[in-house]
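# Fold and geometry: a report
Given next are the chains, with one letter for each unit.
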Amino acid sequence: GAENGRSAVDVFQVTPNPAVDEFTVRFNVTETSPVSLMLANAQGQTVQILRENKVYTEGEYTETFRVHSLAPGSYYCVFQTGSRRFAQTLMILPD
């Protein structure tokens, strides 16, 4: 389909990056579907589930999350919808 050429940046953005106390995820949903958002560590282990199979209708969304419980370092923000999964690096700085 038309999705094949899309990169993670087309699908979702994470700002600010690096983040200190919170970050915002902006993402596009092309059809009504369950969405999961999570943070994974450098080893790929999930450290925080932000949204789990929450159903979104078609549109653009902005969600803000706090990071106060996470140690500073490099993480992956993972966006999953249906069988598609995208990840972007997120740096968390000490506050």
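In case you missed it, the structure is sitting above this.
Right, let's walk through the structure included here.

Criteria and thresholds
Residue numbers run consecutively from 1 along every chain, following the written order of its sequence. Under the rules for a predicted model, residues below a pLDDT of 70 receive no local features and side-chain atom pairs below 80 are neither given nor counted, while totals for whole chains, interfaces and linings still include all residues. As a rule here, side-chain values come from all non-hydrogen atoms in the structure, and water together with hydrogens is ignored. One requirement defines pairing of two strands: DSSP has to find at least two bridges between them. Secondary structure follows DSSP: runs of H or I at least 4 residues long count as helices, runs of E at least 2 residues long count as strands, and numbering of each begins at the N terminus. Only the stretch in contact is used when a helix axis is fitted, and all axes are lines through C-alpha atoms; the angle between N-to-C directions ranges over 0 to 180 degrees. Joining through side-chain atoms within 4.5 Å is the link that ties buried Ala, Val, Leu, Ile, Met, Phe, Trp, Tyr and Cys residues into a set, and such a set is a nonpolar core. To sort residues, take the accessible area from a 1.4 Å probe on protein chains only and compare it with the maximum for the residue type: under 20% means buried, over 50% means exposed, and anything in between is partly exposed. Note on definitions: a residue-residue contact is assigned when non-hydrogen atoms from the two residues lie within 4.5 Å. For salt bridges, the criterion is a side-chain nitrogen of Lys or Arg within 4 Å of an Asp or Glu carboxyl oxygen.

## Things to note about the sheet that holds strand 3 (residues 33–40)
- Spatial strand order, 4-3-6-7: 4 strands in an open sheet with antiparallel pairing. Pairing within the sheet leaves two strands with one partner each, and these edge strands are strand 4 (46–56) and strand 7 (84–92). Averaged over neighbouring strand pairs, the angle between their axes works out to 15° when direction is ignored.
- As judged from the 7 bridges shared by strand 3 and strand 4, these two strands associate in the antiparallel manner. In the sheet register, Ala40 faces strand 4, and the bridge partner there is Thr46.

## Overview of the sheet that holds strand 2 (residues 22–29)
- Spatially, 3 strands are ordered 1-2-5 in an open sheet, and the strand pairing comes out antiparallel. One side of each edge strand has no neighbouring strand; the edge strands of this open sheet are strand 1 (12–15) and strand 5 (59–66). Direction aside, the axes of adjacent strands within the sheet are offset by 15° on average.
- In terms of strand pairing, strand 1 meets strand 2 through 4 bridges, oriented antiparallel. Bridge pairing in strand 2 links Phe12 to Phe27.

## A look at the nonpolar core
- Phe12, Phe23, Val25, Phe27, Leu37 and Phe79 are the most contacted members of the largest nonpolar core, which totals 22 residues.
- When contributions to this core are tallied by element, the ones reaching two or more residues are strand 1, strand 2, strand 3, strand 4, strand 6 (73–81) and strand 7.
- A per-element tally of this core places strand 2 first, with 4 residues.
- Beyond its immediate stretch of four places on either side in the chain, Val25 contacts Phe12, Gln13, Leu37, Tyr61, Thr62, Glu63, Phe65 and Cys77.

## So, the pattern of salt bridges
- Under the defined criterion, the tally for this structure stands at 4 salt bridges.
- Note that Arg66 and Glu22 form a salt bridge whose closest N and O atoms lie 3.4 Å from each other. Of the two residues, Arg66 is situated in strand 5 and Glu22 in strand 2; the sequence distance between them amounts to 44 residues.
- Residue classification places Arg66 among the partly exposed positions, given a relative accessible area of 44%.
- Where Glu60 meets Arg26, a salt bridge forms, and the shortest distance between an N and an O atom there is 3.4 Å. Pair noted here: Glu60 is in strand 5 and Arg26 is in strand 2, with a separation of 34 residues, a long-range link.
- Among the charged side chains, a salt-bridge network with shared partners connects Arg51, Lys54 and Glu63.

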